[in-house]
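Topology and contacts: notes
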Amino acid sequence: VAIDDSTDPQSACRGRPGGYAAEKPEVSDWLLPVFVEHDRSSHAERMALLALGDCVTQAGGRLHPDAKVRGAAIVYASHTPCISCLSCFCQFKRRLPNVKLYYYFDTWGDSRR
């Protein structure tokens, strides 16, 4: 992800692995989880996008549709996304429309062993 043309196009988040948060993450008003039967705020997909948002803001960017943030983000999970994660993807694209979001996943049958 790059911010304007004045920043290094190599993101600080490049290749950064993410996972399910062991502790409940801080409240984030830009990627709200959907509560369905249990708390989903710690799901790895959301945590990865929150980390990317942190990288953007630490580099001086804004998490706003009018911000000059562009690039691509790739998220991989070993399972199909839940409704809360799908909601986070939609919120991410609404806030950062010039960042392409690629999401790859294995089906439950492929990853079950």
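Small disclaimer: the values here were computed from a predicted structure and weren't measured.

1. Some thoughts on the packing of helix α1 (residues 44-58) against helix α2 (residues 83-95)
Where α1 meets α2, the axes come as close as 9 Å, and the angle between the chain directions of the two elements is 20°. For the element pair α1 / α2, the angle class is roughly parallel. The two elements α1 and α2 cross, and the hand of that crossing is left-handed. Contacts between α1 and α2 involve Glu 45, Arg 46, Leu 49 and Leu 52 from the former and Cys 85, Cys 88, Phe 89 and Phe 92 from the latter. Here the residues of the contact of α1 with α2 are counted per class, giving six nonpolar, no polar and two charged.

2. A look at the state of the cysteines
The full count for this structure, using the stated rule, is zero disulfides. Counting only cysteine sulfurs, Cys 85 is the nearest neighbor of Cys 88, a cysteine outside any disulfide, at a range of 6.1 Å. Overall, Cys 88 belongs to the buried group, its relative accessible area being 1%.

3. Looking at α1
Given a rise of 1.5 Å per residue, 15 residues ought to cover 21 Å, and the 21 Å separating the end C-alpha atoms of α1 matches this to within 8%. All of the buried residues in α1 are Glu 45, Arg 46, Leu 49, Leu 50, Ala 51, Leu 52, Gly 53, Cys 55 and Val 56. Gly 60 sits one or two positions beyond α1 and adopts a positive phi of about 95°.

4. Points about α2
With 13 residues, α2 ought to run about 18 Å at 1.5 Å a step, and its terminal C-alpha atoms sit 19 Å apart, in line with that. Looking at the buried residues of α2, the elements they touch are α1, β2 (69-77) and β3 (99-105).

Procedures and definitions
Residues numbered from 1 in each chain as written. Predicted model: local features only at pLDDT ≥ 70, side-chain atom pairs only at ≥ 80, totals over all residues. Heavy atoms only, no water. Axes fitted to C-alpha atoms, helices over the stretch in contact; angles between N-to-C directions. Helix = DSSP H or I, 4+ residues; strand = E, 2+ residues; numbered from the N terminus. Parallel < 35°, antiparallel > 145°, perpendicular 65-115°, else oblique. Left-handed = near helix turned anticlockwise from the far one by under 90°. Contact = heavy atoms within 4.5 Å. Nonpolar A, V, L, I, M, F, W, Y, C, P; charged D, E, K, R; others polar. Disulfide = S-S within 2.5 Å. Buried < 20%, exposed > 50% of the residue type's maximum accessible area, 1.4 Å probe, protein only. Expected span 1.5 Å × (residues − 1).

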